[in-house]
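Chain and residue survey
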Amino acid sequence: MDSTFNIRAAAISGAGSMDFKAAPVTSPSGCTIISSPVKQLQSAHERPASDSCNAGESLASRAISVTVDSFTNTLNMTARVLGLVFSGTTSVLKVVSSRSPEPLAQFFHDNGGLCGKIGQYLALFHPPLESLESKFSSDYSNYVAAMVKTASEYSAGKVDPEEIKKIVERNVATARMHSEGAMLDRSGTADIDSGSEFIANKAVSAVPVRHIETLGRGTICQIDRFTIDERDYAVKSFSGKSLKSINRDVSIITGLLSTIHNIGIISQSEFNVLFRAAKSFSLECDLSKELEYTKKASEALNNLTEVKQFHVDTGSGHQVPVQFRVPEVAEELSSPDALVMEYIDGCSIDRQKALRDRLTAWQPEWKNGERLNEAELSNIIIGIYKLVLSVYLESAWKSRFLNTDFQVGNFMMKLESDCISIYSIDHANSIANVDFLSLINQHIHCELVTGMFLFFHNRATGNGQVEEQNIPCSTDTAIDVDVHDLVYTPLSLQQQERLTEVITSYRINFGQEIIPPIEDLQPSQGQATIGEICRQLYHWLKDKGQHSDRGASVPSEAVFVNILPRFFIRLAEEYKEQDMTTNTEFKLFKVAAAFDNFCQGMGFRVNQCDPLLIRVKAQLAAYRHYLAHQLEHQERQLNNSLSQSQSF
């Protein structure tokens, strides 16, 4: 199943790839213009549309308005699809003729939205390169890798700093209004509602908001540096064009998925996973959700660093302390369309040159003001890369909070006088209460479903595992035959090998502490009865609390175990004339879809895995490849240095 909906995400530089050069900033919590306003952030997706119908409109007017809107949306989506097809085809032709990634990068830049995210995912198929050029060698692999990486790093729709400034001024005014309004209300000297406009205008004029520079852009958002009341902040925002593009593309993809599901190409559980994956892109346009996740990420890291200290080895006998943090959020100044955060004087760790330049200029106290030598510098960089991975996994394991955009560009290094601070940024897509085993359990139980179907199919076709099991399925319902007591091997050798390969890959990327071996996850690898596997499937569906949205009550274990074999008997009879040894994967998709429908009819909801976990798995694999690449590069540099010294 992993290959069916293997969602990829890129380890690229985006909005997180920034080089900050200003002086350190005082924490936003010390901002003097705010006391302690209580503010509810309304989701960007819940705000009413400006063209929504008025309550006083007639039914006919509303019907006409809805029809016009529906027709307009259909035209817009059709134009979008046709435009993407034409633009994409033209770009591919230009890429082939020019052997340059620029036309493809321009395609992502012009079309924006989901196209950029897809480009990011494609980038994970190829190892990271140290440098890119406009023209490439004839080596196809390097050419494709460079092309995809360049295309995935396109900049998002540009946001005018003046527009961002207006949003920030609005938020400052609102926060000031709440703060002063609360104080005035307590004194009984003013009416908050009647004086709100005056207070807001006064707050804007009284508190200077100044744009300093644009720090970077990702596939959706833009990061700008502002000073608010003479304090530095980083403000994350997005353009209205990007929001419309994302929502339109998500509508197109979900509509296409619905069509594919309705004709039976994908099962309900696969549809649910892909649907949730597509919908997750829209969450990146709601910065109030990122604010919530950023606070949770900060709490998770604080809990870890309170009980554990981290260091990197210089290779010269010194351990450099490393602190892991999350930028503090100015919650009272933030909104769904602008996230105001502490400004960090640092650089993202994917910027190799900036990283080395900062460490080269560093004169830490433990070095008595001296600079690092080349060996110390290289050891610290590699140590940071290793530590980032281990801390990320350990924090996720202990807190069950997972940032699902794990890449080198989302970690920033700031040098202190005697230690190194690493900041985790960009928490737009996260899981607040992750179940690391949900996806693996999905794999295991899908294989058990397949194994049970094949068992009854073999009985129906006379290809039973042993002679006494070659009883036609029509006799399975007879009183003298209890199918629940029939013994079989639920996982064939091929299924066991497939599961072992999948689980091993998760253990390698997530770590053995998080993912146990297959023996602990699936005890029924030897012989088992039909009844035992039915009970295991029942508890898989029920114990996780995965119930249908329709509110139907789930059956008891006895009822489920009694009915499930009969379902598989009928399904096996339906496929009796088909050879399940050829095109098996495609045929088993339909079996999985039928099982999903059966479970939903009994009140269960089959989908239990979060598609973002698949994304994280790909990101972890890419990061490990990146780390191996850096270690290899460092070893080559040391060998070259030794060779040069020996020659002298």
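Up top you'll find the structure we're talking about.
Described below are features of the structure shown in this document. (Residues numbered from 1 in each chain as written. Predicted model: local features only at pLDDT ≥ 70, side-chain atom pairs only at ≥ 80, totals over all residues. Heavy atoms only, no water.)

**Here we look at the overall build of the protein chain**
The number of helices and strands found in the protein chain is 18 helices and 13 strands. Across the protein chain, the fraction of contacts at a sequence separation of at least 24, relative to all contacts at a separation of at least 6, is 77%. When the accessible surface of the protein chain is summed, it comes to about 30600 Å², and 52% of that surface belongs to carbon and sulfur atoms. (Helix = DSSP H or I, 4+ residues; strand = E, 2+ residues; numbered from the N terminus. Contact = heavy atoms within 4.5 Å. Areas by Shrake-Rupley, 256 points an atom, 1.4 Å probe, with all protein chains shown as cover.)

**Some thoughts on the sheet that holds strand E10 (residues 420-424)**
Taken together, the five strands give an open sheet; going across it, the order is E4-E5-E10-E9-E7, and neighbouring strands pair in mixed fashion. Edge strands, defined here as strands with exactly one partner in the open sheet, are strand E4 (310-313) and strand E7 (347-348). Docked against the sheet, helix H9 (residues 287-307) engages E4, strand E5 (319-325) and E10, running at close to 150° with respect to E5. (Pairing = 2+ DSSP bridges. Axes fitted to C-alpha atoms, helices over the stretch in contact; angles between N-to-C directions.)

**Describing helix H15 (residues 530-543)**
In a regular helix each residue adds 1.5 Å, so 14 residues correspond to 20 Å; H15 covers 20 Å between its end C-alpha atoms and thus fits that length. Along H15, the positions that sit buried rather than exposed are Ile 530, Gly 531, Ile 533, Cys 534, Gln 536, Leu 537, Tyr 538, Trp 540 and Leu 541. (Expected span 1.5 Å × (residues − 1). Buried < 20%, exposed > 50% of the residue type's maximum accessible area, 1.4 Å probe, protein only.)

**Describing the side chain of Glu 394**
Within the element layout of this structure, Glu 394 appears in helix H11 (residues 374-399). Here Glu 394 is in contact with Leu 304, Lys 308 and Phe 310, once residues within four sequence places are set aside.

**Focus on the environment of Phe 271**
Within the secondary structure layout, Phe 271 lies in helix H8 (residues 268-283). Exposure remark for Phe 271: the relative accessible area of 12% places this residue in the buried category. Between the C-alpha atoms of Phe 271 and Ser 258, which are 13 residues apart in sequence, the distance is 7.6 Å. If we ignore the near neighbours within four places in the chain, the residues touching Phe 271 are Leu 257, Ser 258, His 261 and Ile 266.

**A few points about the sheet that holds strand E2 (residues 221-228)**
If you walk across this open sheet you meet the four strands as E1-E2-E3-E6, and the pairing is antiparallel. In this open sheet, the two strands that pair with only one neighbour each are strand E1 (209-217) and strand E6 (338-342). In this sheet, neighbouring strand axes are inclined to one another by 30° on average, regardless of whether the strands run parallel or antiparallel. As defined by bridge partners, strand E3 (residues 231-238) adjoins E6 across five bridges and the pair is classed as antiparallel. Within E6, the residue paired with Tyr 233 across the bridge is Glu 342.

**Brief notes about the nonpolar core**
A general tendency of soluble globular proteins is for nonpolar side chains to be buried together. Ranked by internal contacts, the top residues of the largest apolar core, which has 100 residues, are Tyr 385, Met 452 and Leu 564. Here this core takes 13 residues from H11, the largest share from any one element. The next biggest cluster of nonpolar side chains, apart from the first, holds 16 residues, and it includes Val 168, Val 172, Tyr 233 and Val 235. (Core = buried A, V, L, I, M, F, W, Y, C linked by side-chain atoms within 4.5 Å.)

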